[in-house]
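Report on the structure
For reference, the chains in residue letters:
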Amino acid sequence: MKTRTIIELVTLSASLYHLAKDTHLMERIQEYSEKSKASINQVASEPLLDEDGNELELMDKILHKAGEMKEELELKIEELVAAFYKKINVAHLDEIKALNEKQDKADRTIALLEARLNKLELSS
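Residues numbered from 1 in each chain as written. Predicted model: local features only at pLDDT ≥ 70, side-chain atom pairs only at ≥ 80, totals over all residues. Heavy atoms only, no water.

**A few points about the overall build of the protein chain**
Put simply, the rule reads: Numbering of helices and strands runs from the N terminus, with a helix taken as a DSSP run of H or I at least four residues long and a strand as a DSSP run of E at least two residues long. For the radius of gyration, the atoms used are the C-alpha atoms, and the globule rule reads 2.2 Å times the number of residues raised to 0.38. Here the accessible surface of atoms and residues is derived via Shrake-Rupley with a 1.4 Å probe, and residues count as covered only by protein chains that are part of the display.
Summing up its helical and strand segments, the protein chain has 3 helices and 0 strands in all. Against the 2.2 N^0.38 benchmark of 14 Å for 124 residues, the protein chain shows a C-alpha radius of gyration of 32 Å, more extended than a compact globule. Overall, the protein chain is about 105 × 70 × 15 Å in size when its C-alpha atoms are taken along their principal axes. Only carbon and sulfur atoms are counted for the fraction: they give 61% of the accessible area of the protein chain, which is about 11,800 Å².

**Some thoughts on a nonpolar patch on the surface**
Spelled out, the test is: Patch criteria: residues need more than 30% relative accessible area and no salt bridge. Like-charged residues are merged within 9 Å; nonpolar side chains of Val, Leu, Ile, Met, Phe, Trp and Tyr are merged within 5 Å. We define a salt bridge as a contact between a side-chain nitrogen of Lys or Arg and a carboxyl oxygen of Asp or Glu at a distance within 4 Å.
Taken together, Leu 73, Ile 77, Val 81, Phe 84, Tyr 85 and Ile 88 make up a surface patch of nonpolar side chains, about 530 Å² in accessible area. Position of Phe 84 among the secondary structure elements: in helix α2 (residues 58–87).

**Looking at the confidence of the model for the protein chain**
What counts here: Confidence scores labelled pLDDT are given residue by residue by the predictor and lie between 0 and 100.
Averaged over all residues, the pLDDT of the protein chain is 81; the fraction at 70 or higher stands at 95%. Predicted confidence in the protein chain is weakest over helix α1 (residues 2–45), with a mean pLDDT of 75, and strongest over helix α3 (residues 93–123), with 91.

**Considering a negative patch on the surface**
Let me state the cut-off plainly: Counted as positive: Lys and Arg. Counted as negative: Asp and Glu. His and the chain ends are not counted at all. Every charge is mapped onto a representative atom, which is NZ of Lys, CZ of Arg, CG of Asp or CD of Glu. Accessible area is worked out with a 1.4 Å probe on protein chains only. A residue is then buried under 20% of its type maximum, exposed over 50%, and partly exposed in between.
There is a patch of like negative charges on the surface, built from Glu 71, Glu 72, Glu 74, Glu 78 and Glu 79. When you line up the elements, Glu 78 lands in helix α2. Given the relative accessible area of 56%, Glu 78 is considered exposed.

**Here's the deal with the pattern of salt bridges**
It is possible for side chains of opposite charge to pair when their charged atoms get near one another. If you walk through the whole model with that rule in mind, you get 2 salt bridges. A salt bridge links Lys 35 to Glu 31; the shortest N-O distance between them is 3.6 Å. Of this pair, Lys 35 and Glu 31 both sit in helix α1, 4 residues apart, which is roughly one turn of that helix. Residue Glu 31 is classed as partly exposed on the basis of its relative accessible area, which comes to 38%. Across the salt bridge formed by Lys 65 and Glu 68, the nearest N and O atoms sit 4.0 Å from each other. Within this pair, Lys 65 and its partner Glu 68 are both found in helix α2, separated by 3 residues, close to a single helical turn. By relative accessible area, Lys 65 is classed as partly exposed at 30%. On the accessibility criterion, Glu 68 (32% relative accessible area) is partly exposed.

**Section: the environment of Ala 106**
Considering the arrangement of structural elements, one finds Ala 106 in helix α3. With 44 residues separating them along the chain, Ala 106 and Ile 62 place their C-alpha atoms 53 Å apart.

Printed below as a string of structure tokens:
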């Protein structure tokens with residue numbers, strides 16, 4: 001009987017945990033939906049003009065806002081990827097190009113110094 005009671009209590013606590021988790025999830029979803037409603041209402045209410053000075057329709061405003069958000073997302077992703085590369089110490093393509101340019105410059109300088117040394121040795 002004791003084992004059965006313990007199992008029932010564990011099952012009950014797991015069910016309560018799931019319900020609490022689901023309630024928290026639903027609250028978060030509701031919070032996000034309210035934020036998105038406010039954002040959509042803001043986009044719809046603010047006047048946006050096209051090249052001719054005419055006010056854009058709602059769908060055009062939404063498409064314009066989506067384009068802006070896409071650009072912001074691309075910039076944020078680019079920043080995060082650069083930070084990630086820096087964190088894991090992987091060279092970015094720009095860094096590799098800069099290092100190759102420095103190496104080429106150093107090779108040219110060494111070649112000039114060797115030529116001057118050879119010229120000095122020949123003249124002595």
